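Each chain, letter by letter, is given below.
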Amino acid sequence: MNDEVLKRLYQVVLDRRANPQEGSYTCYLFDKGVDKILKKVGEECAETIIAAKNGVQEDTVNECSDLLYHLMVLLAAQNIPLDAVLSELDRRSAKIGNLKQMRVTDHNT
Ligand SMILES: N=c1c2ncn([C@@H]3O[C@H](COP(=O)(O)OP(=O)(O)OP(=O)(O)O)[C@@H](O)[C@H]3O)c2ncn1[C@@H]1O[C@H](COP(=O)(O)O)[C@@H](O)[C@H]1O
């Protein structure tokens, strides 16, 4: 396992869209359209909340995984590269890291 897994999953999702395969759940979602994909994102989000509230870590991990997969399908359906989200997260972590560093520096002067 490594942190490239989301990128690989996104590539598989793109490949399913370009090369439809029988029995593929991803193709089924693309066929149904964006409203179905959004419905699934909403369902998986709600299931994640319920699992977390119940406090069973294994269930929460499973629901978060379902949610991330469906988010990958949503990004692909909207023609948004995964890198757009990863870059935004990267930008925020640099910005927030800088802000924290500035607060520490202010505090020490
Ligand atoms: N990560 C996933 C993944 N996570 C969840 N799911 C599917 O998401 C569905 C969620 O279950 P639900 O009970 O909510 O939905 P359902 O009743 O099956 O179907 P709906 O009619 O409600 O949509 C299940 O069918 C799961 O199999 C996934 N399907 C595929 N992937 C990845 O996508 C790749 C390609 O899969 P295929 O497109 O199926 O070849 C796989 O190798 C995996 O890496």
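Residues numbered from 1 in each chain as written. Predicted model: local features only at pLDDT ≥ 70, side-chain atom pairs only at ≥ 80, totals over all residues. Heavy atoms only, no water.

The chain carries the name Phosphoribosyl-ATP pyrophosphatase in an unreviewed UniProt entry, which gives Pseudoflavonifractor intestinihominis as its organism. Under the UniProt heading Pathway (unreviewed entry), the note attached to the chain is "Amino-acid biosynthesis; L-histidine biosynthesis; L-histidine from 5-phospho-alpha-D-ribose 1-diphosphate: step 2/9." The chain has a UniProt comment under Sequence similarities (unreviewed entry) that states "Belongs to the PRA-PH family." (UniProt positions renumbered as here; feature names shortened; annotations may be inferred.)

Moving on, we get to the site of the ligand. The full set close to the ligand counts 13 residues, and Ser-24, Tyr-25, Thr-26, Tyr-28 and Lys-40 are the nearest of them. The separation between an oxygen atom of the ligand and a polar side-chain atom of Thr-26 is 2.5 Å. Contacts to the ligand include Glu-44, whose side-chain N or O atom sits 3.3 Å from an oxygen atom. Protein chains bury 54% of the 830 Å² of accessible surface belonging to the ligand in isolation. Elements that contribute at least two residues to the shell around the ligand include exactly helix H1 (5-18), helix H2 (25-32), helix H3 (34-54) and helix H4 (57-77). Here the residues of the shell around the ligand sort into 5 nonpolar, 3 polar and 5 charged. (Near = heavy atom within 4 Å. Polar contact = N/O pair within 3.5 Å; in protein donor to acceptor, adjacent residues only side chain to side chain. Areas by Shrake-Rupley, 256 points an atom, 1.4 Å probe, with all protein chains shown as cover. Helix = DSSP H or I, 4+ residues; strand = E, 2+ residues; numbered from the N terminus. Nonpolar A, V, L, I, M, F, W, Y, C, P; charged D, E, K, R; others polar.)

Glancing now at the packing of aromatic side chains. One pass over the full model with this rule turns up 2 aromatic pairs. An angle of 35° between the planes, with centres 5.4 Å apart, marks the rings of Tyr-25 and Tyr-28 as tilted. Here Tyr-28 and Tyr-25 lie together in helix H2, a separation of 3 residues that amounts to about one turn. Exposure remark for Tyr-28: the relative accessible area of 34% places this residue in the partly exposed category. When the ring of Tyr-25 is compared with that of Tyr-69, the centres are 6.3 Å apart and the planes differ by 35°; the resulting orientation is tilted. Pair noted here: Tyr-25 is in helix H2 and Tyr-69 is in helix H4, with a separation of 44 residues, a long-range link. What makes Tyr-25 partly exposed here is its relative accessible area of 35%. What links up through ring pairs into an aromatic cluster is the set Tyr-25, Tyr-28 and Tyr-69. (Phe/Tyr/Trp six-rings, centres within 6.5 Å; stacked < 30°, edge-to-face > 60°. Buried < 20%, exposed > 50% of the residue type's maximum accessible area, 1.4 Å probe, protein only.)

Moving on to the confidence of the model for the chain. Counting all residues, the mean pLDDT for the chain is 93, and 95% of those residues have values of 70 or more. This complex was scored by the predictor with a pTM of 0.90 and an ipTM of 0.92. (pLDDT = per-residue confidence, 0-100.)

Here Thr-60 shows up in helix H4. Dropping the residues within four chain positions of it, Thr-60 is found in contact with Ala-51 and Ala-52. (Contact = heavy atoms within 4.5 Å.)

Okay, H4 next. Its 21 residues place the ends of H4 30 Å apart at the C-alpha level, agreeing with the 30 Å of an ideal helix rising 1.5 Å per residue. Restricting attention to buried positions, one finds in H4 the residues Thr-60, Glu-63, Leu-67, Tyr-69, His-70, Met-72, Val-73, Leu-74, Leu-75 and Ala-76. Asn-79, located one to two residues past H4, shows a positive phi value of around 60°. (Expected span 1.5 Å × (residues − 1).)

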